[in-house]
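What follows is the residue order along each chain.
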Amino acid sequence: MNSAVKWLLTRLLPGVVLCAALAGAGWWLHSTGYDSGHKDAKADGDTALSREKQARADERQQLAQAGQQALLQARDNERQQRERADQLALQLADKEFELKQTSSLLQLNISKVVSDDNQDKKTSGCGYNGLGPHGLQLYTKALGYAGGGNTRAGDSSGQ
């Protein structure tokens, strides 16, 4: 037994130790290389991920700025339209007031002219029951026709 142990220790043990040392060294090289490659790949992936995150953040920032700019432009457009609407409303109110004044003035003038035409019997010998020469002049003027002057028979200045 002594010789078998001695033989194992002298012949077989150095080979086993050498194989174990080589296997350990191989495993160490493999794991070191794997870990190094994994760390490099993880670093590359982390860098790419951070670049992608930054690109997405920049894109969101640009979209937010574009939306903000569009909102400001829409508000400015709304303000301009509101100012225009206010100006048009004032113009409309002025025109309505002017039309009311013109309408009331025409009503007064119509009553006066019809009265004058009915009383024209003294000057011309012929009274009118309705629209006479003065009334015709007033209506012609109110409708915006040129002339509106003398409306005697044969005068075409009011036509």
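Residues numbered from 1 in each chain as written. Predicted model: local features only at pLDDT ≥ 70, side-chain atom pairs only at ≥ 80, totals over all residues. Heavy atoms only, no water.

Colleague: Just give me the short version of the overall build of the protein, but keep the residues and values in it.
Modeller: The helix and strand tally for the protein stands at three helices and zero strands. Tracing the protein from N to C terminus, the helices and strands come up as α-α-α. Of all 159 residues assigned to the protein, the portion counted as buried reaches 4%. Long-range contacts, defined as pairs at least 24 residues apart, comprise 15% of the intrachain contacts of the protein with a sequence gap of at least 6. Approximately 13400 Å² of the protein is accessible, and the part contributed by carbon and sulfur atoms is 58%. (Helix = DSSP H or I, 4+ residues; strand = E, 2+ residues; numbered from the N terminus. Buried < 20%, exposed > 50% of the residue type's maximum accessible area, 1.4 Å probe, protein only. Contact = heavy atoms within 4.5 Å. Areas by Shrake-Rupley, 256 points an atom, 1.4 Å probe, with all protein chains shown as cover.)

Colleague: Describe the pattern of salt bridges, with residues and values.
Modeller: Across all of its chains, the model carries six salt bridges by this definition. With its nearest N and O atoms 2.4 Å apart, the salt bridge here joins Asp76 to Arg79. With Asp76 and Arg79 both in helix 1 (residues 2-118), this residue pair falls three residues apart, about one helical turn. Judged by relative accessible area, which is 31%, Asp76 ranks as partly exposed. (Salt bridge = Lys/Arg side-chain N within 4 Å of Asp/Glu carboxyl O.)

Colleague: Which residues make up a nonpolar patch on the surface, and what values go with them?
Modeller: Together, Val5, Leu9, Leu13 and Val17 give the surface a local cluster of nonpolar side chains, amounting to about 330 Å² of exposed area. Residue position: Leu9 is located in helix 1. (Patch = residues over 30% accessible without salt bridge, like charges linked within 9 Å, V, L, I, M, F, W, Y side chains within 5 Å.)

Everything listed here is a matter of coordinates, which is why it stays silent on function.
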